[in-house]
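Chains, contacts and geometry: an overview
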Amino acid sequence: MAAATMPPAALLSELEPDVARLLERHLIQAKEWFPHQLVPYSQGQDFDEGYEWSPEETELPDTVRSALFVNLLTEDNLPYYFRAIEATFGRHEAWGEWNRRWTAEEGRHSIVIRDYLTVTRAVDPVALERARMAQVSTGQVPEPELPHDVLVYVALQELATRIAHHNTGKLIDGVGYEVMKRVASDENRHHLFYRDLAAAALELDPSGMVLAIERQVRDFEMPGTGIVDFETHARAIAKAGIYDFTIHHGQILVPVVLRHWGVEDVTGLSDEAEEARDALLTRIDRIGKAGRRQARKRLEAEAALVDRVPEPV
Ligand SMILES: [Fe+2]
Ligand SMILES: [Fe+2]
């Protein structure tokens, strides 16, 4: 087991008042919304017997379809995220209350995205259902051992999900955009809850949290890992600019890890945590460089494509 400066039980009990405070803030800020109001049911029709989906049914490019597919399957894995969070944080007091409320909110996400995709026939419903069966039957989600790591992971993951949903929405029509934007705004509030809870944990156990941040940034994988053909989908998603290294660096690591958590300025670290912080800062810098390389390559590929378009006569 990874070393923690503060034992897990002590951290959880010391953080409980912060959970209660942040849950209250969340409940004040959360807005009630209804999936059925966002789905364009008038566009739908029954699926005939023997129906076979073809890409001509939709105008969405496969990059965007990949993103919708991955985003929805990630939402479908909710039972296992719930399990992991309950196993770490427990079911009692504000921790349990938060997890149950969070689960109820998350449940809406797969409802609204699936209904939207089914009605608009944007993806193959058979492939989607088979992938859901495969994904949920496997039941794999990251399950870090320490609460420190779980806090960091969920803070980063909720933000990554918010960005992926919102960027996907920007590439589809107005109705689809509204669906993805609404889901993204829930994810944003979830992120803020965990981001601020992790900040409180950093004050209670700076060394334990810095070690956890280093581990989680090192191991971070975009939401959706474990989905059938994930590598192919992830490439498509990066190609469409929905989620890539530039975004991971500029919209997650810099604003959250460096700016909000201020890891560079944390004091009173153990030797081991000091070393972890150095490794973390080097890694963040390297991810930024990889992002710039990826962006340059994309621009070059786009320029090459423009070169191939014949000049108008
Ligand atoms: Fe969600
Ligand atoms: Fe969320």
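Structure's up top.
So, here is what we can say about the structure in this document.

What counts and what doesn't
Residues numbered from 1 in each chain as written. Chains lettered and ligands numbered in written order. Predicted model: local features only at pLDDT ≥ 70, side-chain atom pairs only at ≥ 80, totals over all residues. Heavy atoms only, no water. Donors = N, O, S within 2.8 Å, 3.2 Å for Na, K, Ca; no water. Tetrahedral: all angles 85-135°; square planar, octahedral: opposite > 155°, others 65-115°. Helix = DSSP H or I, 4+ residues; strand = E, 2+ residues; numbered from the N terminus. Patch = residues over 30% accessible without salt bridge, like charges linked within 9 Å, V, L, I, M, F, W, Y side chains within 5 Å. Areas by Shrake-Rupley, 256 points an atom, 1.4 Å probe, with all protein chains shown as cover. Salt bridge = Lys/Arg side-chain N within 4 Å of Asp/Glu carboxyl O. Lys, Arg positive; Asp, Glu negative; His and termini not counted. Charge placed at Lys NZ, Arg CZ, Asp CG, Glu CD. Axes fitted to C-alpha atoms, helices over the stretch in contact; angles between N-to-C directions. Parallel < 35°, antiparallel > 145°, perpendicular 65-115°, else oblique. Left-handed = near helix turned anticlockwise from the far one by under 90°. Nonpolar A, V, L, I, M, F, W, Y, C, P; charged D, E, K, R; others polar. Core = buried A, V, L, I, M, F, W, Y, C linked by side-chain atoms within 4.5 Å. Buried < 20%, exposed > 50% of the residue type's maximum accessible area, 1.4 Å probe, protein only. Expected span 1.5 Å × (residues − 1). Contact = heavy atoms within 4.5 Å. 1 Å grid on protein atoms, 1.4 Å probe; cavity = no way out; pocket = protein on both sides within 12 Å on 5 of 7 lines; lining within 4 Å. Points joined across faces, edges and corners; volume = space filled by probe spheres on them.

A short note on the coordination of the iron ion (ligand 2)
- Coordination of the iron ion (ligand 2) by the protein is provided by Glu106 (OE), Glu158 (OE), Glu187 (OE) and His190 (ND1), with metal-donor distances spanning 1.8 to 2.3 Å.
- Its four donor atoms give the iron ion (ligand 2) angles of 90 to 143 degrees at the centre, a pattern that matches the irregular case.
- Within one chain, the residues donating to the iron ion (ligand 2) are spaced in sequence as E-x51-E-x28-E-x2-H.
- Separation of the iron ion (ligand 2) from the iron ion (ligand 1) amounts to 3.9 Å, with glutamate 106 serving as a shared donor to the pair. Here glutamate 106 is found in helix 4 (residues 93-120), whereas its partner glutamate 187 is found in helix 7 (residues 174-204), with 81 residues between them in sequence.

What to know about a positive patch on the surface
- Residues Arg292, Arg293, Arg296 and Lys297 make up a contiguous surface patch of positive charge.
- Assignment of secondary structure puts arginine 292 in helix 11 (residues 271-308).

A few points about the packing of helix 6 (residues 147-170) against helix 7
- At their nearest, the axes of helix 6 and helix 7 sit 7 Å apart, and the two run at 160 degrees to each other. The angle between helix 6 and helix 7 falls in the class roughly antiparallel. The hand of the helix 6/helix 7 crossing is left-handed.
- Its residues assigned to classes, the contact of helix 6 with helix 7 comprises twelve nonpolar, seven polar and six charged.

Some details on the nonpolar core
- Judged by nonpolar contacts, the single largest core of 89 residues is most densely connected at Leu156, Tyr194, Ile213, Tyr243, Val257 and Trp261.
- The dominant element in this core, judged by the number of residues it contributes, is helix 6, at eleven residues.

What about helix 2 (residues 62-76)?
- The end-to-end C-alpha separation of helix 2 is 21 Å, in line with the 21 Å expected for 15 residues at 1.5 Å each.
- The element helix 2 is largely enclosed, with a buried count of 14 among its 15 residues.

Thoughts on the environment of glutamate 57
- Within the fold, glutamate 57 resides in the loop between helix 1 (8-29) and helix 2.
- Of the residues examined, glutamate 57 reaches a relative accessible area of 31% and is grouped as partly exposed.
- Residues glutamate 57 and valine 123 lie 66 residues apart in sequence; the distance between their C-alpha atoms is 8.6 Å.
- Not counting the four nearest positions on each side in its chain, glutamate 57 is found in contact with Tyr51, Glu52, Thr120 and Arg121.

Considering empty space enclosed by the protein
- Enumeration over the complete set of coordinates arrives at three cavities of 30 Å³ or more.
- Of the pockets and cavities examined, the largest cavity occupies roughly 150 Å³.
- Lining the largest cavity are Thr74, Glu75, Leu78, Tyr81, Ile85, Trp102, Glu106, Val154, Gln157, Glu158, Thr161 and Glu187.
- Those elements giving two or more residues to the lining of the largest cavity turn out to be helix 2, helix 3 (78-89), helix 4 and helix 6.
- Among the elements that take part in the lining of the largest cavity, helix 6 stands out by supplying four residues, more than any other.

A word on the layout of surface pockets
- Of the voids in this model, the largest pocket is the one considered here, and its volume is about 540 Å³.
- Lining the largest pocket are 20 residues, and of these Phe220, Glu221, Met222, Phe245 and His248 sit closest to its centre.
- Those elements that place two or more of their residues in the lining of the largest pocket are helix 8 (206-219), helix 9 (230-239), helix 10 (245-260) and helix 11.
- Grouping the constituent residues of the lining of the largest pocket by class yields ten nonpolar, three polar and seven charged.

With respect to the environment of aspartate 115
- When you line up the elements, aspartate 115 lands in helix 4.
- What makes aspartate 115 partly exposed here is its relative accessible area of 26%.
- Along the sequence, aspartate 115 and proline 35 sit 80 residues apart, while their C-alpha atoms lie 8.5 Å from each other.

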